[in-house]
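Structural description and commentary
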Amino acid sequence: MQKETHPLDLRGLKRGDAGSVQVLHDLVLAGLNRPDWVRPEAPDFFAPVLEEGLSLGLFAGDSLQGYALLQRRLEPGDDPGPKIGLAGKAFGKLCGCSVAPAWRGYGAQAQLSRARIALGRSNGLTRFFATAAPGNVASWLSLLRAGMSIATLGEKYGGSLRYTLVLTEGEAFGAGTWCDSHNLAEQSRLLDQGWRGTDAQDGRILFHRWRLI
């Protein structure tokens, strides 16, 4: 049963919050059955991202209970545009979203995801992307529900397999086809042909042809 809405306060994160973000990131990573599903960030990663002023946190008083990071200055090779026909277009990266275990199930992560996209749009961004391990169903499913679509599947971060999900201009067209979420070979074939994963249900992902508009 859905729990009540959480009482946490949403506010912007600053460079000085980097230590708290690191602590929460490490806590969540340590609790995963498969820590390789999440990129282990170095301590010097968070401060420059927070300095951009596009990231948000949920607080209980002064204690950080959740964060959602948005990165405009992308790392080399991270831009998804060239692979999906949008070379040279600006993207913001949804580069991390975690909630403390005590606050899961209250809709906190969904709120953070919606809020950081809205913040990015208010700062001139119109295209967003994120990455998720295929086995991390909760992660990519929440991104699909936020309106993103699976655009590519390949190795990132030193050889780890990742979906790249995007929120861009365009639309699905034609009849869709369902694919088992474990059938990565078939998914890769469809994605290489320009299809996108647009929805998921009962262990399957719905793929559609996609056209830019």
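Here we summarise the structure given alongside this text. Predicted model only: the values in this text are computed from it and were never measured. (Residues numbered from 1 in each chain as written. Predicted model: local features only at pLDDT ≥ 70, side-chain atom pairs only at ≥ 80, totals over all residues. Heavy atoms only, no water.)

1. A word on the overall build of the protein
Short version of the rule: The helix and strand labels rest on DSSP assignments: H or I over at least four residues marks a helix, E over at least two residues marks a strand, and numbering proceeds from the N terminus. In this treatment the radius of gyration is a C-alpha quantity, and the globule benchmark scales as 2.2 Å times the residue count to the 0.38 power. Burial classes: relative accessible area under 20% of the type maximum marks a residue as buried, over 50% as exposed, and values in between as partly exposed (1.4 Å probe, protein chains only). Residues are treated as being in contact if the distance between any of their heavy atoms lies within 4.5 Å. Reported accessibility uses the Shrake-Rupley method at a 1.4 Å probe radius. Residues are deemed covered only where the shown protein chains occlude them. Charge assignment: positive for Lys and Arg, negative for Asp and Glu; neither His nor the chain ends contribute. All charge positions are set by atom: Lys at NZ, Arg at CZ, Asp at CG, Glu at CD.
Counting its regular elements, the protein contains five helices and ten strands. Here the C-alpha radius of gyration of the protein, 17 Å, is about what a compact globule of 213 residues would show, namely 17 Å. Considering only C-alpha atoms, the protein reaches an extent of 50 × 40 × 30 Å along its principal axes. Burial analysis of the protein (213 residues in total) assigns 46% to the buried set. Counting contacts in the protein only where the partners sit at least 6 residues apart, residues at least 24 apart contribute 65% of the total. Here the protein displays about 10700 Å² of accessible surface, and carbon together with sulfur accounts for 51% of that area. In the protein, the 24 positive side-chain charges and the 21 negative ones have mean positions that sit 4 Å from each other.

2. Observations concerning the nonpolar core
Heads up, the rule is: Definition used in this section: a nonpolar core is a set of buried Ala, Val, Leu, Ile, Met, Phe, Trp, Tyr and Cys residues joined via side-chain atoms within 4.5 Å.
Residues L13, V21, L64, Y67, L69 and L112 are the most contacted members of the largest nonpolar core, which totals 26 residues. Looking at this core, the elements that each hand over two or more residues are α1 (18–30), α2 (46–51), β2 (56–60), β3 (63–71), β4 (92–99) and α3 (108–122). The contacts of V21, once residues within four sequence positions are left out, are L13, F46, L50, L64 and Y67. The next biggest cluster of nonpolar side chains, apart from the first, holds 25 residues, and it includes F128, W140, L144 and A200.

3. As for α1
Selection criterion: For a helix, the expected span equals 1.5 Å multiplied by the residue count minus one.
With 13 residues, α1 should cover 18 Å at 1.5 Å per step; its first-to-last C-alpha distance of 18 Å lies within 8% of that length. Of all the residues in α1, the buried ones are A18, V21, Q22, L24, H25, V28 and L29. For α1, the secondary structure elements touched by its buried residues are α2, β3 and β4.

4. What to know about unusual backbone geometry
Of note in the backbone geometry, Y157 takes a positive phi value of approximately 55 degrees without being a glycine. Among the structural elements, Y157 can be located in the loop between β6 (149–156) and β7 (160–167). Positive phi is not limited to glycine here, since D202 has a value of about 50 degrees. Positionally, D202 belongs in the loop between β9 (195–201) and β10 (204–211).

5. Points about the packing of aromatic side chains
Rule in force here: Aromatic rings from Phe, Tyr and Trp, with only the six-membered ring used for Trp, were paired whenever their centres fell within 6.5 Å, and each pair was classed as stacked if the ring planes differed by under 30 degrees, edge-to-face if by over 60, and tilted otherwise. When the NZ atom of lysine or the CZ atom of arginine is within 6 Å of a ring's centre and also within 35 degrees of its normal, the charge is said to sit over that ring.
Tallying each qualifying case throughout the model produces four aromatic pairs. Pairing W140 with Y163 gives two aromatic rings, centres 5.9 Å apart and planes at 85 degrees, and the pair type is edge-to-face. Remark: Y163 occurs in strand β7 and W140 occurs in helix α4 (residues 137–145); sequence separation between them is 23 residues. Sitting above the plane of the F45 ring, R39 keeps its charged end 5.8 Å from the centroid. Lying over the aromatic face of Y157, K156 brings its terminal NZ or CZ to 5.6 Å of the ring centre.

6. Focus: the state of the cysteines
Put simply, the rule reads: Sulfur atoms of two cysteines make up a disulfide when they are within 2.5 Å.
In this structure the tally under the stated criterion is zero disulfides. The structure places no disulfide on C95, whose sulfur is separated from the nearest cysteine sulfur, that of C97, by 10 Å. Its relative accessible area of 14% is what places C95 among the buried residues.

7. A look at the pattern of salt bridges
Convention followed: For salt bridges, the criterion is a side-chain nitrogen of Lys or Arg within 4 Å of an Asp or Glu carboxyl oxygen.
Evaluation of the coordinates by the stated rule reveals ten salt bridges. The partner of R39 in a salt bridge is E41, with the nearest N and O atoms 3.5 Å apart. Between E171 and R211 there is a salt bridge, with the nearest N and O atoms lying 2.9 Å from each other. Taken together, the residues E171 in strand β8 (residues 171–180) and R211 in strand β10 connect sequence positions 40 residues apart. Relative accessible area serves as the criterion here: at 40%, R211 is assigned to the partly exposed category. Each of R39, E41 and E75 takes part in a single network of salt bridges with overlapping partners.

No statement about biological role is implied by the geometric values presented.
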